[in-house]
Amino acid sequence: MYIHVGEDLNIRAKDIIAILDKGCVNSSNLVEEFLEQHKEKLVNLSKNPFKSVVITNDKVYLSPISSGTLKKRSNQKEMQELL
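Residues numbered from 1 in each chain as written. Predicted model: local features only at pLDDT ≥ 70, side-chain atom pairs only at ≥ 80, totals over all residues. Heavy atoms only, no water.

## Focus on the pairing of strand S5 (residues 52–56)
Here's step 1: Of all five residues in S5, five are buried, a share of seventy percent or more.
Here's step 2: Side chains Ser52, Val54 and Thr56 project from S5 onto one buried face, and the interleaved Val53 and Ile55 project onto a second face that is buried too.
Here's step 3: Where strand S3 (residues 16–21) and S5 come together, five bridges link them in antiparallel fashion. Bridging from a neighbouring strand, alanine 18 pairs with isoleucine 55 of S5.
Here's step 4: Two successive antiparallel strands, S5 and strand S6 (residues 60–63), enclose a turn made up of three residues. (Buried < 20%, exposed > 50% of the residue type's maximum accessible area, 1.4 Å probe, protein only. Helix = DSSP H or I, 4+ residues; strand = E, 2+ residues; numbered from the N terminus. Pairing = 2+ DSSP bridges.)

## Considering the environment of glutamate 36
Here's step 1: By the secondary structure assignment, glutamate 36 is in helix H2 (residues 29–37).
Here's step 2: Its relative accessible area of 49% is what places glutamate 36 among the partly exposed residues.
Here's step 3: Sequence-wise, glutamate 36 and proline 64 are 28 residues apart; in three dimensions their C-alpha atoms are separated by 19 Å.

## A few points about the side chain of serine 74
Here's step 1: Relative to the helices and strands, serine 74 is located in helix H3 (residues 67–82).
Here's step 2: Taking the relative accessible area as the measure of exposure, serine 74 reaches 14% and is therefore buried.
Here's step 3: Within polar-contact distance, the side chain of serine 74 engages the backbone oxygen of lysine 71 at 2.7 Å.
Here's step 4: Those residues in contact with serine 74 that lie beyond four places of it in its chain are Met1 and Ile3. (Polar contact = N/O pair within 3.5 Å; in protein donor to acceptor, adjacent residues only side chain to side chain. Contact = heavy atoms within 4.5 Å.)

What follows is the structure, encoded as structure tokens:
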């Protein structure tokens, strides 16, 4: 199962470690520090300010898609696999 996270990029759902909301990033010093430490792995998919952060083992993506929408997409894909 793949989840579209922005631009033309689809990521395998099992490769996603976490999806963080932009509000979480702005309000947490720990998340800001994490992003700073992993800036060589950072991929900005958003031409405008990002709405969420998608963390995988290899990369950290700044996505223009909200965390709620990404969650819904992952749930929809799981339901389709059950059918």
